[in-house]
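Residue-level structural notes
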Amino acid sequence: MDLTVWRTFVTVCRVGSLSAAAVELGHTQSAVSRQIAGLERRLGVALVERQVRGVRPTPAGEVFRHHALVVLNEADRAVRAVRDVRDGTTGRPLTVGATPSLAAGIVPAAIRRLLDDEGPLRWSLLPGSSADLYDRVLARDLDIAVVTDAPPGLPDDPRVERRLLGVDEMVVVLPADHPHAGRGPLPIHELADQTWVEDNDGSAALLRRHAARAGTTARIDLAAADLPGKIAMVATGHAIALIPAALTTALRTDVTTATLIDPPTRGIYTITPQHDQHPATAALSTHLATAFT
């Protein structure tokens, strides 16, 4: 089978949209649709199901996606290995994944310390959701990922090694001129009349759970596509938002934060493959723990 079609299918599953996959791959949407249809004919089974808001893999598609990731990652590794031999480059590159809030702060700081201690090392950093990064570690696309146990949590999987770095408290990010700017800790009910914006289900679940424990609700009336979009919505006065405290050092200057009484928390973990780990992952995990502290 043509691995280009496999790559198209994996991309469609990851972004959940034929049109978004077409943009990322530089194809037309009709070309992506034809590739998926051809793959389904070849395998004799439907691999994706169309929904109002995009597509998702069928049970058969999910099985194929898992194996396709393994094949594609090994193919990419083979190409890189050959190029390394051609170019006279030695040493296995380190591939790191992290959730967006961690990729914006503690992970680059830890990699800096690693390079200072270990010397030059080829590396890359891929932001993503905890679930996506978990799959990429299993597929050996990542050597190490820094993830959280925010809802829906992390699976208990013997194929990966998990290390707790620490527990991160969530804080409220506000426009710089907000009446509650610089205050805290605040009871959540003081923010009951505010509009909230969220960019992912895990953070929204933490916020709703915290409000419910306090006997109130949080009006999550706005949605953002990603973390920078969420912060931009706050900066322009449209809403307030819940963010991890680990992100506060990387915030833009037109927003500020306030702490909550008994705030929601999330565990921060590194996950690595159980076997054949990159030689640098142990040292990086130590630097991550230091950076988090």
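These numbers were taken from a predicted model, which means no experiment stands behind them.

Moving on to the packing of aromatic side chains. Taken as a whole and assessed by the stated rule, the structure comprises 2 aromatic pairs. Measuring from centroid to centroid gives 5.0 Å for W6 and F64, while their planes differ by 65°, and the two rings are edge-to-face. Placement of W6 in helix α1 (residues 3-15) and of F64 in helix α4 (residues 59-87) is noted, with a sequence separation of 58 residues between them. For the pair W6 and F64, one class covers both residues: buried. Three or more aromatic residues link up through ring pairs in this structure, and these residues are W6, F9 and F64.

With that settled, the discussion passes to the side chain of T8. Along the chain, the position of T8 falls in helix α1. Setting aside residues up to four positions removed in sequence, T8 forms contacts with L25, H27, V32, Q35 and I36.

The set of residues buried in helix α9 (residues 227-235) consists of L227, K230, I231, V234 and A235. Buried positions in α9, seen along its axis, are confined to an arc of 140° and lie on one side of it. As for α9, its buried residues are in contact with α5 (100-103), β6 (160-175), β7 (195-198), α8 (201-213), β9 (241-244) and β10 (255-258). Its side-chain oxygen 2.8 Å from the backbone nitrogen of G229, D226 forms the N-cap of α9. Where α9 terminates, the next one or two residues include G237, which has phi positive at roughly 85°.

Let us look at the confidence of the model for the protein. With 98% of its residues at a pLDDT of at least 70, the protein reaches an overall mean of 89. Mean pLDDT across the secondary structure elements of the protein bottoms out at α4, with 81, and peaks at strand β5 (residues 144-148), with 95.

We now examine the pattern of salt bridges. A pair can form between side chains of opposite charge whenever their charged atoms are brought close. Scanning the entire structure with this criterion turns up 15 salt bridges. Here D157 and R159 are joined by a salt bridge, their closest N and O atoms 2.7 Å apart. With a relative accessible area of 14%, D157 lands in the buried category. One network of salt bridges, in which partners are shared, links E62, R65 and D135.

Another aspect to go through is α8. End to end, α8 covers 18 Å across 13 residues, agreeing with the expected 18 Å (1.5 Å per residue, within 8%). Among all positions of α8, only G202, S203, A204, L206, L207, H210 and A211 are buried. The inward-facing, buried residues of α8 contact β6, β7, β8 (219-223), α9, β9 and β11 (265-273). Between a side-chain oxygen at the N-terminus of α8 and the backbone nitrogen of G202 the separation is 3.1 Å; the capping residue is N200. Note on α8: the residue one or two positions beyond its end, G215, has a positive phi of about 75°.

What follows is about the nonpolar core. Considering soluble globular proteins, one finds that nonpolar side chains tend to be buried as a cluster. Counting 22 residues, the largest nonpolar core has V96, L102, V107, V146, L284 and L288 as its most contacted members. Those elements that provide at least two residues to this core are β3 (94-98), α5, α6 (106-118), β5 and α10 (281-292). No other element matches the 6 residues that α6 contributes to this core. With sequence-adjacent residues up to four places away left out, V107 is seen in contact with V96, A98, L102, L125, V146 and L288. With 20 residues, the next largest nonpolar core counts W6, V55, F64 and L69 among its residues.

We now examine the pairing of β11. By the criterion of burial, β11 is predominantly enclosed, with 8 of the 9 residues buried. Relative to β11, β5 runs antiparallel, the two being bridged by 4 bridges. Directly across from V146, in β11, lies its bridge partner T270. Sheet topology places β6 next to β11; 9 bridges connect them, and they run antiparallel. Across the sheet, the residue bridging to E169 is T265, located in β11.

The next thing to look at is the environment of V12. Along the chain, V12 turns up in helix α1. Measuring from C-alpha to C-alpha, the distance between V12 and V48 comes to 9.0 Å, with 36 residues separating the pair along the chain.

Basis of the calculations
- Residues numbered from 1 in each chain as written.
- Predicted model: local features only at pLDDT ≥ 70, side-chain atom pairs only at ≥ 80, totals over all residues.
- Heavy atoms only, no water.
- Phe/Tyr/Trp six-rings, centres within 6.5 Å; stacked < 30°, edge-to-face > 60°.
- Helix = DSSP H or I, 4+ residues; strand = E, 2+ residues; numbered from the N terminus.
- Buried < 20%, exposed > 50% of the residue type's maximum accessible area, 1.4 Å probe, protein only.
- Contact = heavy atoms within 4.5 Å.
- Arc of directions from axis to C-beta.
- Polar contact = N/O pair within 3.5 Å; in protein donor to acceptor, adjacent residues only side chain to side chain.
- pLDDT = per-residue confidence, 0-100.
- Salt bridge = Lys/Arg side-chain N within 4 Å of Asp/Glu carboxyl O.
- Expected span 1.5 Å × (residues − 1).
- Core = buried A, V, L, I, M, F, W, Y, C linked by side-chain atoms within 4.5 Å.
- Pairing = 2+ DSSP bridges.

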